[in-house]
Amino acid sequence: MGDQKFCLIVGAGMAGLTAAEELLRSGWQVTILDKGRRPGGRMATRTVGETRFDHGAQFFTVRDHRFEQRVNAWLSAGWVKPWFEAEGHTRYCGVDGMNRIALELAKPFDVRLETTVQRTEASGNRWRIHTQAGETFEADALVMTPPIPQTLALLETCLLSSETRSVLEGLSYQPCFAVLATLTGPSAIPSPGCIQLPDGPVTFLADNTQKGISTGPTAVTIHASPEFTREFFHATHDDVAKRLIDAVLPWLGSTPREWQVHRWKFSLAIQTAPEPCLFSKSPAPVAFAGDALCGARIEGAFLSGLAAAGRLLQNFA
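Residues numbered from 1 in each chain as written. Predicted model: local features only at pLDDT ≥ 70, side-chain atom pairs only at ≥ 80, totals over all residues. Heavy atoms only, no water.

Right, let's talk about the packing of helix H1 (residues 14-25) against helix H3 (residues 99-106) for a bit. For the pair H1 and H3, interaxial distance at closest approach is 10 Å and the crossing angle is 25°. Between H1 and H3, the interaxial angle falls into the category roughly parallel. Two packed elements cross with a definite hand, and for H1 against H3 that hand is left-handed. Residues Met 14, Leu 17 and Glu 21 of H1 lie in contact with H3, whose contacting residues are Ile 101, Ala 102, Leu 105 and Ala 106. A per-class count over the contact of H1 with H3 returns six nonpolar, no polar and one charged. (Axes fitted to C-alpha atoms, helices over the stretch in contact; angles between N-to-C directions. Helix = DSSP H or I, 4+ residues; strand = E, 2+ residues; numbered from the N terminus. Parallel < 35°, antiparallel > 145°, perpendicular 65-115°, else oblique. Left-handed = near helix turned anticlockwise from the far one by under 90°. Contact = heavy atoms within 4.5 Å. Nonpolar A, V, L, I, M, F, W, Y, C, P; charged D, E, K, R; others polar.)

The next point concerns the sheet that holds strand S12 (residues 172-183). On the basis of which strands lie adjacent, the open sheet formed by five strands has the order S13-S14-S15-S12-S16 and antiparallel pairing. The open sheet terminates on both sides in strands that have one partner only, identified here as strand S13 (194-196) and strand S16 (256-271). Mean inter-strand twist for the sheet, computed between neighbouring axes without regard to direction, equals 15°. Bridge count for strand S14 (residues 202-207) against strand S15 (residues 219-224) is five bridges, and the pairing is antiparallel. Across the sheet, Asp 207 pairs through a bridge with Val 220, a residue of S15. Those strands touched by helix H8 (residues 237-247) are S12, S14, S15 and S16, and its axis lies near 90° from that of S16. (Pairing = 2+ DSSP bridges.)

With respect to the helices and strands, the residue Arg 38 is situated in the loop between strand S2 (29-33) and strand S3 (45-48). Considered as a pair, Arg 38 and Gly 13 are 25 residues apart in the sequence and their alpha carbons are 9.6 Å apart. Here Arg 38 is in contact with Thr 45, Asn 99, Leu 103 and Leu 113, once residues within four sequence places are set aside. At 3.1 Å, the side chain of Arg 38 forms a polar contact with the side chain of Asn 99. (Polar contact = N/O pair within 3.5 Å; in protein donor to acceptor, adjacent residues only side chain to side chain.)

Structural measurements only, silent on function.
Below, the structure written as structure tokens:
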């Protein structure tokens, strides 16, 4: 296996895990670096005692036949389940929360969690990655999947082409506060356990108990609007929670007893690239993937990771 190629993937979300799966299938060696405590990125689930909250992506839909094949395999494996139907598409979620999908997908790989990339450099058409903990990794190719502003910061000293850098700099995101609240009784959120609110400080409200991923006290996730999040981005978590809980009290139906706040700085991609991934041979082979390059959905991240792996395989064929 002297000609085996080695790829470093930064980010263990859907795009990174999908790219890893495709490269491994083609005989590559893959290591994934992620600064989080769990893989999944915005496919995030938080457990507090007996309660469980999806506090990032709430569900996903299927439109592309390639993603449909993969989701059917997840259904057969018992990782995901249908939640509800809307607008002609089934909304799927993880059986124990959205993070379950990422945990299962990550199992075959060398995933280095709580590993923060500090610096990247290209040397002799290969990549060298330095971490905050002082580790160094080398690879034939690199796949970058963090939010684009973070990716650009990590590649700041690398001589990317002006065209590639210009496309990446044109991508942007909306922020989002998530409040995770437990209630003293059932919520008043209608079946199937979620509601979208078109106006005001809250855009989405979900009952994780009705969703079937949580036991114990009723567990509600409140997602704030981008406008509210920007306005109160640096406010205290208590102030944010009080404002958002007050805004949805009629839907809660019971008294909130405890809450936590999570701040997503890069929540929803609002300016996406025309291609599912970007690829550059210089300064060394690198593919850029994520939902900002293929539509702001979990399916988009999957298709972007698929495309990134395809470009690398094509480059080294």
